[in-house]
Amino acid sequence: MRTDRTFTMLKPDSVEKGNVGAILEKITAAGFRIVALKLTQMTVADAEAFYTVHNERPFFRELVEYMTRGAIVVAILEKDNAVEDFRSLIGATNPAEAAEGTIRKLYAASIGENAVHGSDSDENAEIESQFHFSEREIF
Ligand code: ATP
Ligand code: MG
């Protein structure tokens, strides 16, 4: 299992607010190389599958509605220790608890609408990358 790649989504609020360029700049300035990138959207079935681990949680319907309401930007990022370093760069799930300078501190509105996703393990980075990209879209 490789340890130098992670997967991210810039969520609908980031696209709606015009924050895509600024967030990608933060990501590359932190030393991540973009190896796959596209503007796309998820169907309700896609979001239910992507976040299936949360399907018993009280916020699940709200999460699916949020993630399917508009365009998202998905990317695969390469860097040593990618998963952990990217989680540090994005900050805590709740922006009120996120460290200064993190992407969620800068660009997230709330725990529900929190600007970005970052994979939580090398295994999930691989699964989530394959969910959104075909082999020929990855460089
Ligand atoms: P992500 O998986 O999107 O990177 P995360 O790993 O920081 O976020 P998770 O616990 O996996 O957090 O939650 C997935 C997503 O569900 C969160 O990013 C957020 O959009 C939403 N969410 C989590 N907790 C809540 C909550 N208490 N109320 C509303 N939405 C929530
Ligand atoms: Mg998560």
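This part takes up helix H5 (residues 82-90). Buried within H5 are the following residues: Ala-82, Val-83, Phe-86, Leu-89 and Ile-90. Take H5 and look down its axis: the buried residues cluster within an arc of 125°, on one side only. Structural note: H5 exposes Glu-84 and Ser-88 on the side pointing more than 90 degrees away from its buried face. Looking at the buried residues of H5, the elements they touch are strand S1 (5-10), helix H2 (20-29), strand S3 (72-78), helix H6 (103-107), strand S4 (116-118) and helix H7 (122-132). In the stretch just after H5, Gly-91 is the one whose phi turns positive, near 90°.

What follows deals with the pattern of salt bridges. Applying the stated criterion across every chain, the model contains 10 salt bridges. Between Glu-78 and Arg-2 there is a salt bridge, with the nearest N and O atoms lying 3.4 Å from each other. With Glu-78 in strand S3 and Arg-2 in the segment before S1, this pair connects stretches of sequence that are 76 residues apart. The exposure class of Glu-78 is buried, given its relative accessible area of 16%. For Arg-2, a relative accessible area of 40% gives the class partly exposed. The closest approach of N and O atoms between Glu-78 and Arg-33, which form a salt bridge, is 3.0 Å. Highlighted residues: Glu-78 in strand S3 and Arg-33 in strand S2 (residues 33-40), separated in sequence by 45 residues. In the salt-bridge network here, residues are joined through shared partners; they are Arg-2, Asp-4, Arg-5, Arg-33 and Glu-78.

Here we take up the site of ligand 1. Not every one of the 14 residues close to ligand 1 is listed here, only the nearest: Lys-11, Arg-87, Thr-93, Asn-114 and His-117. Contacts to ligand 1 include Tyr-51, whose side-chain N or O atom sits 3.0 Å from an oxygen atom. Contact distances for ligand 1 include 3.0 Å between an oxygen atom and a backbone N or O atom of Gly-118. Sorting the residues of the shell around ligand 1 by element identifies helix H4 (60-67) and S4 as the ones contributing at least two each.

Cut-offs and rules
- Residues numbered from 1 in each chain as written.
- Chains lettered and ligands numbered in written order.
- Predicted model: local features only at pLDDT ≥ 70, side-chain atom pairs only at ≥ 80, totals over all residues.
- Heavy atoms only, no water.
- Buried < 20%, exposed > 50% of the residue type's maximum accessible area, 1.4 Å probe, protein only.
- Helix = DSSP H or I, 4+ residues; strand = E, 2+ residues; numbered from the N terminus.
- Arc of directions from axis to C-beta.
- Contact = heavy atoms within 4.5 Å.
- Salt bridge = Lys/Arg side-chain N within 4 Å of Asp/Glu carboxyl O.
- Near = heavy atom within 4 Å.
- Polar contact = N/O pair within 3.5 Å; in protein donor to acceptor, adjacent residues only side chain to side chain.

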